[in-house]
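The chain contents come next:
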Amino acid sequence: MSQQRIPLKNPMGWFAAGREVTRAMALLSDGAFKVYMHVCLTADRSTGKLKIAQGDLTLALRKSRRSIANYLEE
């Protein structure tokens, strides 16, 4: 049986938060979770890839370079 796709009212900038997000929320610190969510929201939806510089993350998330480095390592 094939599943019917339901069109979203606003398909841009929205995604369903599933098991992965629930698990990340339990495992990561607040800052690392914020980085994770930023990646989820800005990655290319067809490939899952995101090319971003650490400096761009510091600006987007208003965190220090050191904090971003720690969050990425986490």
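Procedures and definitions
Residues numbered from 1 in each chain as written. Predicted model: local features only at pLDDT ≥ 70, side-chain atom pairs only at ≥ 80, totals over all residues. Heavy atoms only, no water. Core = buried A, V, L, I, M, F, W, Y, C linked by side-chain atoms within 4.5 Å. Buried < 20%, exposed > 50% of the residue type's maximum accessible area, 1.4 Å probe, protein only. Contact = heavy atoms within 4.5 Å. Helix = DSSP H or I, 4+ residues; strand = E, 2+ residues; numbered from the N terminus. Expected span 1.5 Å × (residues − 1). Axes fitted to C-alpha atoms, helices over the stretch in contact; angles between N-to-C directions. Parallel < 35°, antiparallel > 145°, perpendicular 65-115°, else oblique. Nonpolar A, V, L, I, M, F, W, Y, C, P; charged D, E, K, R; others polar.

**Quick word on the nonpolar core**
Item 1. Among the nonpolar cores identified, the biggest contains six residues, and these are Ala32, Val35, Leu57, Leu61, Ile68 and Tyr71.
Item 2. The residues contacting Leu61, other than those within four sequence positions of it, are Lys34, Val35, His38 and Ile68.

**A few points about helix α2 (residues 30-42)**
Quick reminder: α-helices carry 3.6 residues per turn. Residues three or four places apart thus point the same way.
Item 1. Over its 13 residues, α2 extends 18 Å from the first C-alpha to the last, a length consistent with the 18 Å expected when each residue adds 1.5 Å.
Item 2. Of all the residues in α2, the buried ones are Gly31, Ala32, Phe33, Val35, Met37 and His38.
Item 3. In this fold, the buried residues of α2 make contact with α1 (19-27), α3 (54-61) and α4 (65-73).

**A closer look at the packing of α3 against α4**
Item 1. The interhelical angle for the contact between α3 and α4, taken along N-to-C directions, is 105°, at an axis separation of 9 Å. Put simply, α3 runs roughly perpendicular to α4. Residues Gln54, Gly55, Leu57, Thr58 and Leu61 of α3 pack against Arg65, Ile68, Ala69 and Leu72 of α4.
Item 2. The residue inventory of the contact of α3 with α4, partitioned by class, reads five nonpolar, three polar and one charged.

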